[in-house]
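# A structural walkthrough
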Amino acid sequence: MSESSAPHAADRRELTGAQRNAVAELLRVSPVADELGRRFVRAGHELHLVGGSVRDALLGRLGDDLDFCTDAHPDETLRIIKGWAESIWETGREFGTIGAQRDGLRLEITTFRAESYDQVTRNPVVVYGTNLTEDLRRRDFTINAMAVSLPEHRFTDPHGGLDDLSAKVIRTPADPRESFGDDPLRMLRAARFAAQLRFAVHPDVHAAMGRMAADLDRITAERIRDEFTKLLCGADPITGLRLLVDTGLAERFLPELTGLKLEIDEHAQHKDVYEHTLTVVENAVSFEEEGCDFILRMAALMHDVGKPATKAVGPDGRVSFHHHEVVGARLTKARMKAMRYPKDITAKVTALVALHLRFYGYGRGEWTDSAVRRYVADAGDLLSRLHKLTRSDCTTRNRRKAAQLGADYDALEDRIARIAAEEDLARVRPDLDGNAIMELLGVPPGPVVGRAWKHLKEQRLEHGPLDRDAAEAELLRWARAEGLID
């Protein structure tokens, strides 16, 4: 589609809605965008709203972050917006990007680029371009290669992005092998957009992803992590995850996911762990209350990664995965560390993986109030997520079994609520604090206080709250048994 062209007659009905969305969205930001465009024109330069901003406008979901491109170099851009922008930042200057804020909108203005990767290092080589057509061709996908010139609102779409947006297809402006050779991260971005937008990847793009998956090794762990996080938090993460596995991309940075495709033989029948995992992720998404809960989704994805390493076939032909939650937690921690996730996020996901099997057995009536307290105490502030993960993990097609598991977990939650009403389950702590322990035993701060505190906490978990006299008596009994007092 060329500049200012109308939709093809056959597409007019489908694309009218997209055009209406764009008009409405652009009118909302026009006072700022057009004013900025006029400033650039007066300075003898071009300015175009571009990329994701145009795509999102056509989809009727344009946010407050706007992307622009221009023939002006960063120094000239700074001169044009100085005194007009409410604030300016230059963190992206080395890539030709100047940031600004005006009337609640965040603006990023980037000089036309013709950047590429040198096929060896992990960083792009930034070369300034000279025109809009060249800039659009170097972009990742056709749906991100459209522009609206300002202030005249001329639409430019040299690679058919509007048609692909209507068809819900992800395609590259150039040959996908050239595009992915320039920046291999674009292969992961293709899967991410499929997950976010519920779009299909063009067959040529899919084939290139499979052939060039190993090129992803040139990309830093941090960039891969950020794209993968967006994928997992997409509206349809299952589509994105399947793409990662089918094209071999997952093998480059998340091999545990591919490893879930356990081979099924005629003598050791068991459910497909890979398909089960995708169903658990889908179930977890349905339990979210507001926005993406990455910790819950990641725990759902990783909860069974320990199964391949623990698979065993018994004499009767039954398959078991003993202690796979322990192995899975260890694998999860190592993988998230390699992907450079923050320690606190990793710790929470790992804890959920380790705890996801704790519930099973409750329905047999084996749990005491003490066991319930320990379940709550071990989950801590992850209890709500653990509830959701445990329920998500029930994917059996046996309706009777599924109904029984659901009823058992309902009973456990009711029991937790009952005990919580009687005790402070949200903060299970010893009945005596450190100061009281030191005063009663006559000891200074140190290891003894820690041991005493741990013992009293165990008593609290086992027997519930103790009154002051009973707690002091228990502490003294323990201290005598430990030889700390006569």
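Residues numbered from 1 in each chain as written. Predicted model: local features only at pLDDT ≥ 70, side-chain atom pairs only at ≥ 80, totals over all residues. Heavy atoms only, no water.

### Digging into the pattern of salt bridges
- Under the criterion given, the structure shown has 31 salt bridges.
- Between E275 and R242 there is a salt bridge, with its nearest N and O atoms 2.8 Å apart. One end of the pair, E275, is in helix α13 (residues 273-287); the other, R242, is in helix α10 (residues 237-247), with 33 residues separating them in the sequence.
- The network of salt bridges with shared partners includes D140, R189, R192 and E227. (Salt bridge = Lys/Arg side-chain N within 4 Å of Asp/Glu carboxyl O. Helix = DSSP H or I, 4+ residues; strand = E, 2+ residues; numbered from the N terminus.)

### Topic: the pairing of strand β2 (residues 65-70)
- One ladder, built from three bridges, connects strand β1 (residues 47-50) with β2; its direction is antiparallel. Each residue of the ladder has a partner; that of H48, found in β2, is C69. (Pairing = 2+ DSSP bridges.)

### Here we look at the sheet that holds β2
- Spatially, the seven strands line up as an open sheet ordered β3-β4-β5-β2-β1-β8-β9, and their pairing is mixed. Across the chains shown, the open sheet's two edge strands, defined by having one partner strand only, are β3 (87-89) and β9 (154-156). With strand direction ignored, the average angle separating the axes of adjacent strands in the sheet is 30°.
- Contacting β2, β3, β4 (97-102) and β5 (105-111), helix α3 (residues 74-81) crosses the sheet at an angle of about 15° to β4. (Axes fitted to C-alpha atoms, helices over the stretch in contact; angles between N-to-C directions. Contact = heavy atoms within 4.5 Å.)

### Considering the state of the cysteines
- Under the defined criterion, the tally for this structure stands at one disulfide.
- Covalently, C233 is tied to C292 through a disulfide, its sulfur atoms 2.1 Å apart. In this structure, the disulfide formed by C233 and C292 twists by about -60° around the S-S bond and is classed as left-handed. Placement of the pair is C233 in the loop between α9 (221-232) and α10 and C292 in the loop between α13 and α14 (294-302), with a sequence separation of 59 residues.
- For C233, a relative accessible area of 28% puts it in the partly exposed group. (Disulfide = S-S within 2.5 Å. Buried < 20%, exposed > 50% of the residue type's maximum accessible area, 1.4 Å probe, protein only.)

### Re the side chain of S30
- Structurally, S30 can be placed in helix α1 (residues 12-42).
- Engagement of the side chain of S30 in a polar contact is seen with the backbone oxygen of L26, the distance being 2.6 Å.
- Every residue in contact with S30, bar those within four places of it in the chain, is listed here: E35 and H153. (Polar contact = N/O pair within 3.5 Å; in protein donor to acceptor, adjacent residues only side chain to side chain.)

### With respect to the confidence of the model for the protein
- Looking at the protein, pLDDT values average 85 and 88% of them are 70 or higher.
- This stretch, residues 265-269, has a pLDDT under 50; its non-local contacts, to residues over four places away or in other chains, come to six contacts. (pLDDT = per-residue confidence, 0-100.)

### Considering α13
- Between its terminal C-alpha atoms α13 stretches 21 Å, which fits the 21 Å expected from 15 residues at 1.5 Å a residue.
- The complete set of buried residues in α13 reads V273, Y274, H276, T277, L278, V280, V281 and A284.
- Two or three places before Y274, at the start of α13, stands the capping residue D272, its side-chain oxygen 2.9 Å from that residue's backbone nitrogen. (Expected span 1.5 Å × (residues − 1).)

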